[in-house]
Amino acid sequence: MNVSNLFRIAWKALLRNKLRAFLTMLGIIIGVASVIAMTAIGEGSKKSISDQLSSMGSNMITIRPSSNVNVSGGARIGASGLQTLKAQDADAISKGAPDVSYVSAAVQTNGQTINGANNWPTQLQGVNEEYFKIRDWNISDGSLFTKKDVTSSNKVCLLGQTVYSNLFPNGEDPVGSIIRFNKVPMKVIGILAPKGSNAFGQDQDDVIIAPFNTVQRRFLGITYVQTIYASSTNENTSQQATDQVSEILRKQHKLPADGSNDDFSVRTQAELISTMSSTSQLLTVLLSAIAGISLIVGGIGIMNIMYVSVTERTKEIGLRMSIGARGKDILYQFLIEAVLISITGGIIGVLLGVLSSKLVTFFLSWPTFITESSIIVSFIVCAVTGVFFGYYPALKASKLDPIEALRYE
């Protein structure tokens, strides 16, 4: 008996019991739809995190004080109490690291911003003119401050979109106007282009950016810096740039070359993306594994129904064998039925999974991303499930004695 005839016979057998066949498929449908939806949510989350971190500056390197400093008695002090980074460190990195393109010292403080009758609590960040290239941050109006503004500690600033919309709710042009931050007057020279929220949910546009020296001297009254931002020449030189930064800072701070007692930490965007993506990937695998249990349940359902089908059609099997059907023809017939149930359920499951992913994005605003690999793997799993759980009932049918089968009532 040729394969096309076997498929036709198997399909007609399924159509004779449509409701039972659909209920058997249900476990496969739910399993495949769940796996695709969970994978889409996980991949969407991973892609969203990667995009958001890249928007902060794909080549950005962040240097912060570290609590890895021994003091008397072997105790270590917290990073918040350290004053290990200086503006001179940023200058040394700028001059001595060939794979670093831009460097900016940074300090920040929080306070109340006032413009006439409008006020808004926000963050004031002090940086130099290279910071905007590190962050790949443009302006939507006005102009950036210059190196002269930094060295002269000029009281000029740029407003983030959130601050602008709250201080100038009627859409007035703020360029040239005077606002107050913690009672200190500052001249607005530009508006920053919108950045949106970062991967941690923080509004990047809720900020005022001013020259580094201005914030350090006029608002904080400190001589150290809280952070140093740098940018590697490209993504491929990120590791070399990190090594160069570490070496320069050890020389600046007279620390051992082995890094055992570094009073600073160096992090790249690639490390953050890798860390958060691996966490997201772990959750995706976990959720997919839980959803995959439905596939096992569906497979058991297929095996159960195929056993019932073999029992119901014992006389039919005997009749086929008596007119010349071989054992392997019977085996293939029932195996094809099991695979058809599984594959058909898989197709419906894929469509339902894709639809569920779209609905999740539409109603919950969760990012989803459906990969071709998840659909292909789902089909392969469906076929394997049909073969695996349908083989034993099919084998049992193929080994029936034709005479005994014909006598079966």
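Residues numbered from 1 in each chain as written. Predicted model: local features only at pLDDT ≥ 70, side-chain atom pairs only at ≥ 80, totals over all residues. Heavy atoms only, no water.

K.L.:
Run through the nonpolar core, naming residues and quoting values.
P.N.:
Core analysis: the largest hydrophobic core is formed by 57 residues, its most contacted members being Ile 63, Ile 93, Phe 145, Leu 159 and Ile 209. When residues of this core are assigned to their parent elements, the largest contribution, six residues, is made by strand β7 (residues 184-192). Of all hydrophobic cores here, the second largest spans 31 residues; its members include Val 35, Leu 295, Ile 330 and Ala 394. (Core = buried A, V, L, I, M, F, W, Y, C linked by side-chain atoms within 4.5 Å. Buried < 20%, exposed > 50% of the residue type's maximum accessible area, 1.4 Å probe, protein only. Helix = DSSP H or I, 4+ residues; strand = E, 2+ residues; numbered from the N terminus.)

K.L.:
Run through helix α10 (residues 314-322), naming residues and quoting values.
P.N.:
When we look at burial in α10, the residues that qualify are Thr 314, Ile 317, Gly 318 and Met 321. Projected down its long axis, α10 shows its buried positions confined to an angular sector of 100°, all on one face. Following α10 by one or two positions, Gly 324 adopts a phi angle in the positive range, close to 120°. (Arc of directions from axis to C-beta.)

K.L.:
With reference to specific residues and values, describe the pattern of salt bridges.
P.N.:
The tally for this structure, following the rule as stated, stands at four salt bridges. A salt bridge links Arg 20 to Glu 312, with the nearest nitrogen and oxygen atoms 3.1 Å apart. With Arg 20 in helix α2 (residues 18-55) and Glu 312 in helix α9 (residues 269-312), the pair connects residues that are 292 residues apart, well separated along the chain. Asp 262 serves as the salt-bridge partner of Arg 250, at 3.0 Å between the closest nitrogen and oxygen. Note that Arg 250 is positioned in helix α8 (residues 238-252) and Asp 262 in the loop between α8 and β10 (264-268), a separation of 12 residues in sequence. As far as burial versus exposure is concerned, Arg 250 and Asp 262 are alike and both buried. (Salt bridge = Lys/Arg side-chain N within 4 Å of Asp/Glu carboxyl O.)

K.L.:
Go over the packing of aromatic side chains, please, and point to the residues and values.
P.N.:
Summed over the entire model, instances satisfying the criterion amount to eight aromatic pairs. Seen in terms of ring centroids, Tyr 131 and Phe 132 are 5.9 Å apart; in terms of plane orientation they differ by 80°. Their pairing is edge-to-face. Like Tyr 131, the residue Phe 132 is buried in the burial classification. An aromatic cluster is defined as three or more aromatic residues linked by ring pairs; in this entry it consists of Tyr 131, Phe 132, Phe 145 and Tyr 229. (Phe/Tyr/Trp six-rings, centres within 6.5 Å; stacked < 30°, edge-to-face > 60°.)

K.L.:
Describe the side chain of Asn 115, naming the residues involved and giving the relevant values.
P.N.:
Tracing the backbone through its elements, the reader meets Asn 115 in strand β2 (residues 100-115). Filtering out sequence-adjacent residues up to four positions away, Asn 115 remains in contact with Leu 167, Phe 168, Ile 178 and Ile 179. (Contact = heavy atoms within 4.5 Å.)

K.L.:
An account of the layout of surface pockets is requested, with residue identities and associated values reported.
P.N.:
One water molecule sets the probe size; rolling that probe over the atoms shows where empty space is left. In this structure, the second largest pocket spans a volume of roughly 360 Å³. As for the second largest pocket, its lining consists of 15 residues, and the residues nearest its centre are Asp 91, Asn 128, Glu 129, Lys 147 and Val 150. A per-element tally of the lining of the second largest pocket places helix α3 (residues 87-96) first, with four residues. Classifying every residue of the lining of the second largest pocket gives six nonpolar, five polar and four charged. (1 Å grid on protein atoms, 1.4 Å probe; cavity = no way out; pocket = protein on both sides within 12 Å on 5 of 7 lines; lining within 4 Å. Points joined across faces, edges and corners; volume = space filled by probe spheres on them. Nonpolar A, V, L, I, M, F, W, Y, C, P; charged D, E, K, R; others polar.)

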